[in-house]
Structure formats: C-alpha cells, structure tokens
Amino acid sequence: MTTPIIQSLLDTDLYKFTMLQVVLHQFPQAHGVYHFHCRNAQTAYPLADIKDDLERELDALCELKFTQDELAYLRSFRFIKSDFVDYLELFQLKRRFVYVSPSEDGRLNITVQGPIIQAMFFEIYILAIVNELYFRRLETPEVLAEGEKRLQEKIVLLKKLNGRQHPDDNPFLVSDFGTRRRYNRQWQEYVVQSFQAAVPEIFRGTSNVYLAKKFNIAAIGTMAHEFLQAFQALDVKLRDFQKAALEAWVHEYRGDLGIALTDVVGMDAFLRDFDLYFAKLFDGLRHDSGDPYAWGEKAYAHYQKLKIDSRTKMLTFSDGLDLEKAWDLHQHFKGRFKTSFGIGTNLTNDMGLETLNIVLKLVECNGQSVAKISDTAGKTLTTNNTFLAYLRQVFQIAE
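Presented here is an overview of the structure given in this document. From a predicted model like this one, the values you see are computed outputs, not experimental measurements.

### Points about unusual backbone geometry
Turning to step 1, where the next piece is worked out: With phi around 55°, Asn216 is a residue other than glycine that occupies positive phi space.
Turning to step 2, where the next piece is worked out: You can see Asn216 is positioned in the loop between helix H9 (209-215) and strand S6 (218-219).
Turning to step 3, where the next piece is worked out: In the Ramachandran plot, Gln396 falls in the positive-phi region, its phi being about 55° despite a non-glycine side chain.
Turning to step 4, where the next piece is worked out: Inspection of the secondary structure assignment puts Gln396 in the segment after helix H17 (385-394).
Turning to step 5, where the next piece is worked out: The class of Gln396 is exposed, set by a relative accessible area of 63%.

Here it is as structure tokens:
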C-alpha cells in the first residue's frame, strides 16, 4: 500500500482558509458545484487511466483531520479567528461530495457538489493528487536529473538578480504558488527548502500552509476567483457582486489580507467598482490574466485618477510567470509600485515534461450559474453560455 499523497490538511493554499472563514461567518448555508477541466489538447496518456488511484487517494484524504499542533499553528495567525479554528477541529472532508468518472474520449470527469464550506476545500487537494498520479507514470531518473538542473539554474539566476538590485529600489520578492500544479509533494518541498536556503532575501514565502509551517516562512494568500464568483448568486444585484464581495472581505479582515483579485469579470469592469473607498482600504491588486504590463498601467492610471500614491500599493503578479518575466515586471514598475510575484508551475513542475493545465472551478452557487470572464482567451469558464452573455451585458464587456 503506497503512502497517501495528501498527509496533512494543511497541505493546501492559505487562501482556502481565508476564504472559508468568510464563508463560515457570512454565508455558511451556500451550496456550490465545482467542475474539473483539463485545458491540454492532449496528454501523454488518457487521464481516465488514473481514475482508480484517484478514488483511493480521495478515500484517504477524507480520513484526515487537523492535529492539535496544526490547529495551534492556525491560531497563531492574527487574521484567523478562534471560532473558525474551533470549527476546523471538528472538520473532516466528506467523500460523498466528490464524483469521479471517465469520459468516452479518455478524459476525467470530476465534480464536487455540496455545501461550499466543504466543497471549496477540495480544490487544491484534488489538483495536487491528479498531478502527482499523472506524473508518477512518467518519472525516470532523467526527468529528476533535468528537474534538478533547472532548479539549480534558477538559484544561480536569483543570486545574480539579487546582486543587480539597487539598494534604494523596492525588493524583488518571489513566492511559491505551485501546490496545485506541482510535480509531486516531495519535489515542491525540496524546491521551497532550496530557495529558502539559497536566496532568503528574495524568496518571500509559499502559498502552501504545511510548508510555511514546516520551514517557518511566510504563508501567502488572500482570495481566489471562486470567492467573488459566489457573490454572483448570493442575495445582491448581479451588477453589485464585486463590491459586495470586497465589502464582505473588508468586514471580515478589517485591514488584513488586503490584496484584491481583479479578473473575475476583467480589469476594466473591476476598476469601475474599485472606487476611492476600496482603493484606500486595500493594500493592492493581484494580476491573474491578460497582459501584465497593460494591467499594471491601468492600475497606475486608476490610482493617479483617485489621487492615491501608487508607491504605497502592492501589485502581485501570479499568471504563468517565470523568474525572468517576474524580474522584467519588477523593473518596469519599480518606483511606481511595490511588487511581488507568485510563481507556480515554473517553480514546482519544471522537469522538462509537458505540464498539465488543470483547474477545478466553481460553476454553480445556490442552484444558479456563475462565471469568470477572463482577460486571457481560453480562461473564461462557465457551463451556461446564456448567463455568460448576460454577465457580459451587465458589465459592458465585449465578446
């Protein structure tokens, strides 16, 4: 019997905890449906081949509970409230909310359906499990050697970039955002440990709570698309869903976790809602689709229009980055913004193999369709094109 892939419920991204706390406190009765999607045109072998192994991993996942040591760690965060940790002490994922089946073309159908306070928590675990099971069949000594070579090249590059930092500039900050797309659990741990040891001045932390705890580094994260999408189906006018989501966040965290995600219905529609009130309350913005330079320039123009000093604000970039792209963006915006960079696949799954582009996205909340209109073609996601068209109309977004 192999050791289960997920061995701790902390082995997920921080924003799962931060979003879940708001759900528990403000809309605990909400119901969600999540669908798995693989964006790869083709894979090395049919994903449906891992179905039986995935089912066994899900069974093992749903046996896990938080330990007292893990709960004590969560209590140490200023923004995590004691009643939420008390809830997590009782928490256990329920297997009945996850449905797995093969499709006729060899793809994998995964649906998570249930209370959002349960369903939301499955995402990162499932994506990490699918990745690890898939790449396990492709592993060779040559693959591991290539991964090691590329990791060492990144460390050399980071040390060089650190030497090019001007002492008067804002620091170049990189974090690991790679849990969902990692090659495997051990490899992510090795990468994080290696960066932390080699370039602590640049390596800011990790989105993975288990690794943040293990290596005593910062856990990074605020909100994801699903949080804002849920408000499309909660008791607010559709036109006001972004403002309602941001208001709920402010109410919960009162100044903590102040990075807002901008691309649920695109940057232009976001900025129309991100008025002086929110622009002053939030510490900055996170980019996750579209041209990052154009996005940052729009953010700069918006802060200028509101007469807010953009140098006090943080731009966090997290879309398909590598270290070179991150450094170029840092150089472009230095002097105008603080910047930070969350790098996922390129840190935790750069092994010379074609990676999986997989997601598990919220498609329904409380029986109503929800959607994300991305600034990147191909990342828009919905199961209801009629609702998508209506959402575009409400927010004046062209096809």
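### Brief notes about the packing of helix H3 (residues 68-75) against helix H4 (residues 82-90)
Turning to step 1, where the next piece is worked out: Where H3 contacts H4, the axes come no closer than 10 Å and their chain directions differ by 160°. In this view, H3 runs roughly antiparallel relative to H4, as classed from their interaxial angle. Two packed elements cross with a definite hand, and for H3 against H4 that hand is right-handed. Contact residues: H3 offers Gln68, Leu71, Leu74 and Arg75, while H4 offers Ser82, Val85, Asp86, Leu88 and Glu89.
Turning to step 2, where the next piece is worked out: Across the contact of H3 with H4, the residue classes tally to four nonpolar, two polar and three charged.

### Focus: the pattern of salt bridges
A side chain with one charge may pair with a side chain of the opposite charge, provided their charged atoms come close.
Turning to step 1, where the next piece is worked out: Counted by the stated rule, this structure contains 31 salt bridges.
Turning to step 2, where the next piece is worked out: Measuring nitrogen to oxygen at the nearest pair gives 3.9 Å for the salt bridge that ties Lys149 to Glu146. Placement of the pair is Lys149 and Glu146 together in helix H7 (residues 141-164), with a separation of three residues, close to one helical turn.
Turning to step 3, where the next piece is worked out: Here Lys149 falls in the partly exposed class, since its relative accessible area comes to 41%.
Turning to step 4, where the next piece is worked out: In this structure, the salt-bridge partner of Arg311 is Asp309, at a minimum N-O distance of 3.0 Å.
Turning to step 5, where the next piece is worked out: Judged by its relative accessible area of 35%, Asp309 is partly exposed.

### Overview of the nonpolar core
Turning to step 1, where the next piece is worked out: If you look at the biggest cluster of nonpolar residues, it comprises 145 residues, and the most contacted ones within it are Phe36, Phe66, Leu74, Val130, Phe227, Phe274 and Leu285.
Turning to step 2, where the next piece is worked out: In terms of residue count, the dominant contributor to this core is helix H6 (residues 122-136) (eleven residues).
Turning to step 3, where the next piece is worked out: Residues in contact with Val130, not counting those within four places in the same chain, are Phe36, Leu47, Ile50, Leu54, Ile110, Leu356 and Ile358.

### Thoughts on the packing of aromatic side chains
Turning to step 1, where the next piece is worked out: Following the criterion strictly, the structure yields 34 aromatic pairs and no others.
Turning to step 2, where the next piece is worked out: Measuring from ring centre to ring centre gives 5.5 Å for Phe317 and Phe341, while their planes differ by 15°; the resulting arrangement is stacked. Remark: Phe341 occurs in strand S10 (residues 338-343) and Phe317 occurs in strand S9 (residues 314-317); sequence separation between them is 24 residues.
Turning to step 3, where the next piece is worked out: Note on Phe317: relative accessible area 0%, which makes it buried.
Turning to step 4, where the next piece is worked out: Using a relative accessible area of 1% as the deciding quantity, one classes Phe341 as buried.

### Focus on empty space enclosed by the protein
Turning to step 1, where the next piece is worked out: Overall, the coordinates contain one cavity of 30 Å³ or more when judged by the stated rule.
Turning to step 2, where the next piece is worked out: Counted as a void, the largest cavity has a volume near 40 Å³.
Turning to step 3, where the next piece is worked out: Lining the largest cavity are Gly147, Arg150, Leu151, Lys154, Trp187, Asn346, Leu347, Asp350 and Met351.
Turning to step 4, where the next piece is worked out: Put simply, the parts of the chain that give the lining of the largest cavity at least two residues each are H7 and helix H16 (345-348).
Turning to step 5, where the next piece is worked out: Broken down by element, the residue count for the lining of the largest cavity peaks at four residues, all from H7.
Turning to step 6, where the next piece is worked out: Along the lines of polarity and charge, the residues of the lining of the largest cavity split into four nonpolar, two polar and three charged.

### Details of the sheet that holds strand S2 (residues 98-102)
Turning to step 1, where the next piece is worked out: Spatial strand order, S2-S3-S1-S11-S12: five strands in an open sheet with antiparallel pairing. With one partner strand each, in any of the chains shown, S2 and strand S12 (368-369) form the two edges of the open sheet.
Turning to step 2, where the next piece is worked out: Across two bridges, the pairing between strand S11 (residues 358-365) and S12 is antiparallel. Paired with Cys365 across the bridge in S12 is Gln368.

### Focus: helix H8 (residues 185-198)
Turning to step 1, where the next piece is worked out: Its 14 residues give H8 an end-to-end C-alpha distance of 20 Å, which sits within 8% of 20 Å, the value for a rise of 1.5 Å per residue.
Turning to step 2, where the next piece is worked out: When H8 is considered as a whole, its buried residues turn out to be Arg185, Trp187, Gln188, Glu189, Val191, Val192, Ser194 and Phe195.
Turning to step 3, where the next piece is worked out: Summarising the contacts, the buried residues of H8 are in contact with H6, H7, strand S4 (174-176), strand S5 (203-206), H9 and H16.
Turning to step 4, where the next piece is worked out: Two or three places before Gln186, at the opening of H8, Asn184 has a side-chain oxygen 3.2 Å from that residue's backbone nitrogen.

### Considerations on the sheet that holds strand S7 (residues 259-261)
Two orientations exist for strands paired in a sheet by backbone hydrogen bonds: parallel and antiparallel.
Turning to step 1, where the next piece is worked out: Reading across the sheet, the seven strands line up as S6-S5-S4-S10-S9-S8-S7 and stay open at both edges, with parallel pairing between neighbours. The strands lining the two open edges of the sheet, one partner per strand, are S6 and S7.
Turning to step 2, where the next piece is worked out: In this structure, S7 lies alongside strand S8 (residues 284-287), joined through three bridges in parallel fashion. Directly across from Leu261, in S8, lies its bridge partner Arg286.
Turning to step 3, where the next piece is worked out: Lying on the sheet, H8 is in contact with S4 and S5; it crosses S5 at an angle near 155°.

### Regarding helix H15 (residues 323-333)
Turning to step 1, where the next piece is worked out: Along H15, the residues classified as buried are Leu323, Ala326, Trp327, Leu329, His330 and Phe333. Down the axis of H15, the sector holding all buried residues measures 165°, keeping them to one side.
Turning to step 2, where the next piece is worked out: Contacts from the buried residues of H15 go to H7, S4, helix H14 (292-305), S9, S10 and H16.
Turning to step 3, where the next piece is worked out: Capping of H15 at its N-terminal end is provided by Asp322; its side-chain oxygen lies 3.2 Å from the backbone amide nitrogen of Glu324.

Reading the values: the criteria
Residues numbered from 1 in each chain as written. Predicted model: local features only at pLDDT ≥ 70, side-chain atom pairs only at ≥ 80, totals over all residues. Heavy atoms only, no water. Helix = DSSP H or I, 4+ residues; strand = E, 2+ residues; numbered from the N terminus. Buried < 20%, exposed > 50% of the residue type's maximum accessible area, 1.4 Å probe, protein only. Axes fitted to C-alpha atoms, helices over the stretch in contact; angles between N-to-C directions. Parallel < 35°, antiparallel > 145°, perpendicular 65-115°, else oblique. Left-handed = near helix turned anticlockwise from the far one by under 90°. Contact = heavy atoms within 4.5 Å. Nonpolar A, V, L, I, M, F, W, Y, C, P; charged D, E, K, R; others polar. Salt bridge = Lys/Arg side-chain N within 4 Å of Asp/Glu carboxyl O. Core = buried A, V, L, I, M, F, W, Y, C linked by side-chain atoms within 4.5 Å. Phe/Tyr/Trp six-rings, centres within 6.5 Å; stacked < 30°, edge-to-face > 60°. 1 Å grid on protein atoms, 1.4 Å probe; cavity = no way out; pocket = protein on both sides within 12 Å on 5 of 7 lines; lining within 4 Å. Points joined across faces, edges and corners; volume = space filled by probe spheres on them. Pairing = 2+ DSSP bridges. Expected span 1.5 Å × (residues − 1). Polar contact = N/O pair within 3.5 Å; in protein donor to acceptor, adjacent residues only side chain to side chain. Arc of directions from axis to C-beta.

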